[in-house]
There are 2 protein chains.
Amino acid sequence: MPRQASSSPAPRGRPRDPRTRAAILTAARALLERGGLTSVTIEAIAQKAEVSRPTIYRYWPNAPAVAMAAFLEATGASDAVKSPRAPLAALRAQLHALADAFTAPTGRSVAAMVAAAQSETELAKAFRNEFIARNRDATRALLERCVADKSIAAPDDIELSLDLIFGPLFYRLLMGHAPITHGFVDRLIDAVILTRG
Amino acid sequence: MPRQASSSPAPRGRPRDPRTRAAILTAARALLERGGLTSVTIEAIAQKAEVSRPTIYRYWPNAPAVAMAAFLEATGASDAVKSPRAPLAALRAQLHALADAFTAPTGRSVAAMVAAAQSETELAKAFRNEFIARNRDATRALLERCVADKSIAAPDDIELSLDLIFGPLFYRLLMGHAPITHGFVDRLIDAVILTRG
DNA sequence: GTTATATTACGTTACGTATCGTAACGTTAA
DNA sequence: TTAACGTTACGATACGTAACGTAATATAAC
């Protein structure tokens, strides 16, 4: 039987210790939540993770990249809401949870990664294709269930609907001109439902 | 006649050369539009403006602060749209102009300042109280004229209306998942009008 | 009025520090 | 033998500040 020519490219040499990667990401995550993006330096990560600096560079090209990886791995863990509820209630619950996350310390991390994504294209792609897409996908799915359920009318443009919901949420998170309450979220949902956006 | 005890606190010593300040801001603005926030370093500004580094520190505490000042002075110059038009048309025109600015190189500067505002409270306040407030004030005024004009129904919450318009605009600017077209702006306006947000 | 003197704006130079990214070399695990 | 790590070291960049000299303007003394 020939070698598996696909997923396993015949690993040779000493394998990477998975604890190394985990330690780096954990340290980066902790630094990010406390001091924001500016405190996530390679040196600080190395010290906190008890790993040498060159090792970190063997995994990622720079500090913001580590921060982004840590952020995405941390937020990606959250499973989709198992909802025995009605889809519209599930939609509300899902967005309330996001609002709570934005209000919690996690919110500052989200804002920090939005900021980081502005200076490097690679980070922007990663953030958009993972964090942003995840949220949009989850909400889109629930919106479609609502439509199928006839609990709301079919929107003209579901992508616009998503922008109408997420846009103001991020806007308040980033500008801080007004709080992100459940009531605020409910009004956003109402706006989308009424306008058939 | 006694001294004016108010606005002029009797300036003594050598007055600041206004060209110095102007040169610094101009240089910072140019650097910002090209290389983004990371290329706005005190050293680069000093060289481009032909000013010494210590002088820059006499005006501002750090590089992002200079960038913010340059940005706010540049964008603040735009006068309110003189509109002999109907208020609703003026509203569309105003937001189309903003969309154009977001699409142009200026948009990258806006995004950069949003990012900068995430790490320093002072910058956040300045950005929110000047740039964000300016845009909201202008749009709020036009919305109120529309209501007075009876060209649209009175929104339940005009601040929410502003969030529904600006939120998605900034969202697309920062995430880059979809283009910022005039059609997009028109749909945002429609959403606000229909929902009485 | 003219001349000191204080005060401030600026340039020049220099310093110590932080963080960067990389290179060289030895050690350890497969 | 190969690659993952640690250790150490290096040059580079930018930081923020300090010290000093000079230029420009006010106020006060004569």
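Residues numbered from 1 in each chain as written. Chains lettered and ligands numbered in written order. Predicted model: local features only at pLDDT ≥ 70, side-chain atom pairs only at ≥ 80, totals over all residues. Heavy atoms only, no water.

Description of the overall build of chain A
How we decide: Helix and strand labels come from DSSP, where a helix needs a run of H or I of at least four residues and a strand needs a run of E of at least two; each type is numbered from the N terminus. Whether two residues are in contact is decided by their heavy atoms, any of which lying within 4.5 Å being enough. The accessible surface values rely on the Shrake-Rupley method and a 1.4 Å probe; as for residues, cover is taken only from the protein chains in view.
In terms of regular secondary structure, chain A is built from nine helices and zero strands. For chain A, the sequential pattern of α-helices and β-strands runs α-α-α-α-α-α-α-α-α. With respect to the three principal axes, the spread of C-alpha positions in chain A is 60 × 55 × 30 Å. Within chain A, contacts between residues separated by at least 24 positions form 65% of all contacts whose residues are at least 6 apart in sequence. Carbon and sulfur atoms form 53% of the exposed surface of chain A, whose accessible area is close to 10200 Å².

Brief notes about the protein's contact with DNA strand D
Formally: The nearness test applies per residue and asks whether one of its heavy atoms lies within 4 Å of the molecule or strand. The term polar contact refers here to a pair of N or O atoms within 3.5 Å; inside protein, the definition further demands a hydrogen-donor-capable atom paired with an acceptor-capable atom, and it admits residues adjacent in sequence only when both atoms are side-chain atoms. Residue polarity follows a fixed list, in which Ala, Val, Leu, Ile, Met, Phe, Trp, Tyr, Cys and Pro are nonpolar, Asp, Glu, Lys and Arg are charged, and the others, Gly among them, are polar.
Close contacts around DNA strand D come from 28 residues, with R14, D17, T55 and Y59 of chain A together with Y57 of chain B the closest. Sugar plus phosphate, as a fraction of atoms of DNA strand D within 4 Å of the protein: 59%. In this structure, Y59 of chain A approaches DNA strand D through a side-chain N or O atom, which is 2.6 Å from a phosphate oxygen. At a separation of 2.6 Å, a phosphate oxygen of DNA strand D approaches a polar side-chain atom of Y57 of chain B. Secondary-structure elements contributing two or more residues to the surface near DNA strand D are α3 (53-59) of chain A together with α2 (42-49) and α3 (53-59) of chain B. Ranked by the residues each element gives to the surface near DNA strand D, the list is headed by α3 of chain A, at five residues. Here the surface near DNA strand D is composed, by residue class, of 10 nonpolar, seven polar and 11 charged.

Quick word on the protein's contact with DNA strand C
Taken together, 25 residues lie around DNA strand C, and Y57 of chain A together with R14, S52, T55 and Y59 of chain B are the ones closest in. Here DNA strand C approaches the protein such that, of its atoms within 4 Å, sugar and phosphate make up 58%. I42 of chain A places a polar main-chain atom, nitrogen or oxygen, 3.0 Å from a phosphate oxygen of DNA strand C. One of the side-chain N or O atoms of S52 of chain B is found 2.8 Å from a phosphate oxygen in DNA strand C. Sorting the residues of the surface near DNA strand C by element identifies α2 (42-49) and α3 of chain A together with α3 of chain B as the ones contributing at least two each. Counting residues per element, the surface near DNA strand C draws most heavily on α3 of chain B, which supplies five residues. By residue class, the composition of the surface near DNA strand C is nine nonpolar, six polar and 10 charged.

What about the pattern of salt bridges?
All names here are of chain A. Rules: Take a side-chain nitrogen of Lys or Arg and a carboxyl oxygen of Asp or Glu: if they are within 4 Å of each other, that pair is a salt bridge. Exposure classes here rest on a 1.4 Å probe applied to the protein chains alone. A residue is buried below 20% of its type maximum, exposed above 50%, and partly exposed in between.
All chains considered together, the criterion is met by 26 salt bridges over all chains. When the shortest N-O distance is used, the salt bridge between E73 and R21 registers 2.9 Å. Taken together, the residues E73 in helix α4 (residues 63-76) and R21 in helix α1 (residues 18-35) connect sequence positions 52 residues apart. Take E73: its relative accessible area is 43%, and that puts it in the partly exposed class. A residue is classified by how much of its surface remains accessible, and R21, at 35% relative accessible area, is partly exposed.

Some remarks on the packing of aromatic side chains
Stated formally: By convention, a stacked pair of Phe, Tyr or Trp rings (six-membered ring in the case of Trp) has centres within 6.5 Å and planes under 30 degrees apart, an edge-to-face pair has planes over 60 apart, and any other such pair is tilted. A ring is considered to have a charge above it if a Lys NZ or an Arg CZ atom is located within 6 Å of its centre and within 35 degrees of its normal.
Within the structure shown, the criterion is met by 14 aromatic pairs over all chains. Ring-pair connections join several aromatic residues into one group, and the members of that group are F102, F166 and F170 of chain A together with Y171 of chain B. Across from the ring centre of Y59 of chain A, 4.0 Å away, lies the NZ or CZ of R16 of chain A, which sits over that ring.

Considering the nonpolar core
Rules: In plain words, nonpolar cores are sets of buried Ala, Val, Leu, Ile, Met, Phe, Trp, Tyr and Cys residues tied together by side-chain atoms within 4.5 Å.
Grouped together as the largest cluster of nonpolar side chains are 130 residues, with contacts concentrated most on F127 and F170 of chain A together with F127, L169 and F170 of chain B. Once you skip the residues sitting within four places of it in the chain, F170 of chain B turns out to touch Y171 and M175 of chain A together with F102, V110, V114, F131 and I132 of chain B.

Remarks on the environment of A65 of chain B
All names here are of chain B. By the secondary structure assignment, A65 is in helix α4 (residues 63-76). Residue classification places A65 among the buried residues on the basis of a relative accessible area of 12%. Spatially, the C-alpha atom of A65 lies 25 Å from that of L169, the residues being 104 residues apart in sequence. Discounting chain neighbours no more than four positions away, the residues touching A65 are W60 and L123.

Some words on α2 of chain A
Residues and elements named next belong to chain A. How we decide: The arc in question is the one traced by the directions running from the helix axis out to the C-beta atoms.
What α2 keeps buried is the set I42, I45, A46 and A49. The buried residues of α2 occupy one face: seen down the axis, they fall within an arc of 100°. In this fold, the buried residues of α2 make contact with α1, α3 and α4. E50 occupies a position one or two residues after α2 and carries a positive phi of about 55°.

Regarding the interface of chain A and chain B
It is common to give the size of an interface as the accessible area that goes away when the parts come together. What counts is decided by this rule: Defined here as a combined quantity, buried area equals the accessible surface (1.4 Å probe) lost by two parts on assembly, summed across both.
In this assembly, 31 residues from chain A lie in contact with 31 residues from chain B. For the chain A and chain B pair, buried surface summed over both sides reaches about 2800 Å², with 68% attributable to carbon and sulfur atoms. Notably, a salt bridge pairs R172 of chain A with D163 of chain B, separated by 2.6 Å at the nearest N-O pair. Inspection of the chain A/chain B interface yields 16 residue pairs in polar contact (both at pLDDT 80 or more). Taken together, the elements giving at least two residues each to the side of chain A that touches chain B come down to α6 (105-117), α7 (121-148), α8 (158-175) and α9 (182-195) of chain A.

A closer look at the domain arrangement of chain A
Residue and element names in this part refer to chain A. The line we're drawing: Just so you know, the domain bounds were taken from an automatic or database domain assignment.
Here the domain parsing of chain A yields domain 1 (18-71) and domain 2 (78-195). Domain 1 and domain 2 are separated by 28 Å when their C-alpha centres are compared. Taken together, the contacts link nine residues of domain 1 with 11 residues of domain 2. Of the roughly 920 Å² buried where domain 1 meets domain 2, counting both sides, 78% is carbon and sulfur surface. In terms of surface lost to domain 2, no three residues of domain 1 exceed E33, M68 and F71, which account for 62% of the buried area on that side. The interface formed by domain 1 and domain 2 holds zero salt bridges in total. Linking domain 1 to domain 2 there are zero residue pairs in polar contact (both at pLDDT 80 or more). Among the elements of the structure, α1 and α4 are those that each provide at least two residues to the side of domain 1 that touches domain 2. Considering every element that reaches the side of domain 1 that touches domain 2, the biggest residue donor is α4, with five residues. Its residues assigned to classes, the side of domain 1 that touches domain 2 shows seven nonpolar, one polar and one charged.

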